[in-house]
Amino acid sequence: MIIDIPEGQEPIGYVWGDMVPGIGMAAANFSLSVYEHTTLGLREFEAARLRIAQINGCLFCLDWRTERDGDKVEEDFAGAVTDWRTTEVFDDRTRLAAEYAERYALDHHGLDDAFWARMTAHYSQHEIVELSMSIGSWLAFGRLNHVLGLDAVCVLPGH
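Right, let's walk through the structure included here. (Residues numbered from 1 in each chain as written. Predicted model: local features only at pLDDT ≥ 70, side-chain atom pairs only at ≥ 80, totals over all residues. Heavy atoms only, no water.)

Some thoughts on the overall build of the protein
Worth spelling out the cut-off: Each helix is a run of DSSP H or I of at least 4 residues and each strand a run of E of at least 2, with the numbering of both proceeding from the N terminus. Radius of gyration means the value over C-alpha atoms here, while the globule rule gives 2.2 Å times the residue count to the 0.38 power. When a residue's accessible area, from a 1.4 Å probe over protein chains only, is under 20% of the maximum for its type it is buried; when over 50% it is exposed; and in between it is partly exposed. Throughout, a residue-residue contact means that at least one pair of heavy atoms, one from each residue, lies within 4.5 Å.
Secondary structure summary: the protein contains eight helices and zero strands in total. Here the C-alpha radius of gyration of the protein, 16 Å, is about what a compact globule of 159 residues would show, namely 15 Å. Dimensions of the protein along its principal axes, counting C-alpha atoms only, are 50 × 30 × 30 Å. Counting all 159 residues of the protein, 47% fall into the buried class. At a minimum sequence separation of 6, the contacts of the protein that also span at least 24 residues come to 65%.

As for helix α2 (residues 21–36)
Here is the rule: Helix span, as expected, comes to 1.5 Å for every residue beyond the first. By arc we mean the arc of the directions from the helix axis to the C-beta atoms, nothing more.
The end-to-end C-alpha distance of α2, which contains 16 residues, comes to 21 Å, matching closely the 22 Å that a straight helix rising 1.5 Å per residue would cover. Considered for burial, the residues of α2 that qualify are Gly24, Ala27, Ala28, Ser31, Leu32, Val34 and Tyr35. The buried residues of α2 all sit within an arc of 145° when viewed along its axis, so they share a single face. Of the exposed residues in α2, those oriented more than 90 degrees away from the buried face are Gly22 and Glu36. On its buried side, α2 packs onto α1 (11–19), α3 (42–56) and α8 (125–147).

Brief notes about the pattern of salt bridges
Worth spelling out the cut-off: Each salt bridge in this description consists of a side-chain nitrogen of Lys or Arg and a carboxyl oxygen of Asp or Glu lying within 4 Å of one another.
For the structure on display, the rule yields nine salt bridges. Linking Arg49 and Glu46 is a salt bridge whose minimum nitrogen-to-oxygen distance equals 2.6 Å. In this pair, Arg49 and Glu46 both sit in helix α3, three residues apart, roughly one turn of the helix. In this structure, Arg49 and Glu46 share a single accessibility class: buried.

Describing a nonpolar patch on the surface
Note the cut-off: Only residues whose relative accessible area exceeds 30% and that form no salt bridge are eligible for patches; like-charged ones are grouped when within 9 Å, while nonpolar side chains (Val, Leu, Ile, Met, Phe, Trp, Tyr) are grouped when within 5 Å. Accessibility throughout is a Shrake-Rupley quantity obtained with a 1.4 Å probe, and a residue counts as covered only by protein chains that appear here.
A surface patch of nonpolar side chains, about 280 Å² in accessible area, is lined by Met19, Val20 and Ile23. The topology assignment puts Val20 in the loop between α1 and α2.

A few points about the nonpolar core
Selection rule: Here, the term nonpolar core denotes a set of buried Ala, Val, Leu, Ile, Met, Phe, Trp, Tyr and Cys residues that are joined through side-chain atoms within 4.5 Å.
Grouped together as the largest cluster of nonpolar side chains are 36 residues, with contacts concentrated most on Met119, Tyr123, Leu131, Ile135 and Trp138. Considering each element in turn, this core owes the most residues, seven residues, to α3. Excluding anything up to four places from it in sequence, Met119 contacts Leu96, Tyr100, Ile128 and Leu131. In this structure, Trp16, Ala27, Phe141 and Leu150 belong to the second largest nonpolar core, which totals nine residues.

Thoughts on α1
Inclusion rule: N or O atoms closer than or at 3.5 Å make up a polar contact, with two conditions inside protein: a donor-capable atom paired with an acceptor-capable one, and, for residues adjacent in sequence, both atoms drawn from side chains.
For α1, the full list of buried residues reads Pro11, Ile12, Tyr14, Val15, Trp16 and Gly17. Lining the buried residues of α1 we find α2 and α8. Its side-chain oxygen placed 3.1 Å from the backbone nitrogen of Ile12, Glu10 serves as the N-cap of α1.

A look at the packing of helix α6 (residues 92–106) against α8
Stated formally: Helix axes are fitted to C-alpha atoms over the stretch in contact, other axes to C-alpha atoms as well, and angles between N-to-C directions run from 0 to 180 degrees. Note that the term roughly parallel is reserved for angles under 35 degrees, roughly antiparallel for angles over 145, roughly perpendicular for angles of 65 to 115, and oblique for everything else. Each crossing is labelled by how the near helix is turned from the far one, with a counterclockwise turn of less than a right angle marking it left-handed and a clockwise turn marking it right-handed.
Taken N-terminus to C-terminus, the directions of α6 and α8 make an angle of 50°; their axes are 10 Å apart at the nearest point. Here α8 runs oblique to α6, going by the angle between their axes. Here α6 runs over α8; the crossing is right-handed. Two secondary-structure elements touch here, α6 through Arg93, Ala97, Tyr100, Ala101, Tyr104 and Ala105 and α8 through Glu127, Leu131, Ser132, Ile135, Gly136 and Leu139.

Here's what the structure looks like:
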């Protein structure tokens, strides 16, 4: 960790809350809202979230599995996300969520008309905006935690 944490302080709470309360609390609320207010299906949500976690290398994010009403994705889902191009366990929406997450993070200038035609055939405009905001949250905050070395001690508020 590259940030000095005072003795007895919880690293995430200290960095996000005490160091930059005006920014950190807003970021934490945005991050939590992605989970609390999503309308996306669990599999497409987790496919996009895990693909960003894989790209960011965030240790906590890689281990985290979103739970909804007691349901989580299957144990080998992360492996399917890695192989999103060829896996046979994804439907079109789930595969597109993983692809969009990867391209959003690594090649956002390459999101061409052919890609958007596939996206709009499977996702409403509302869902595209929601997925875009969710991916942006995971990309920014997972990367922030990894870059600062907080990801090994990360605990999401409220979980």
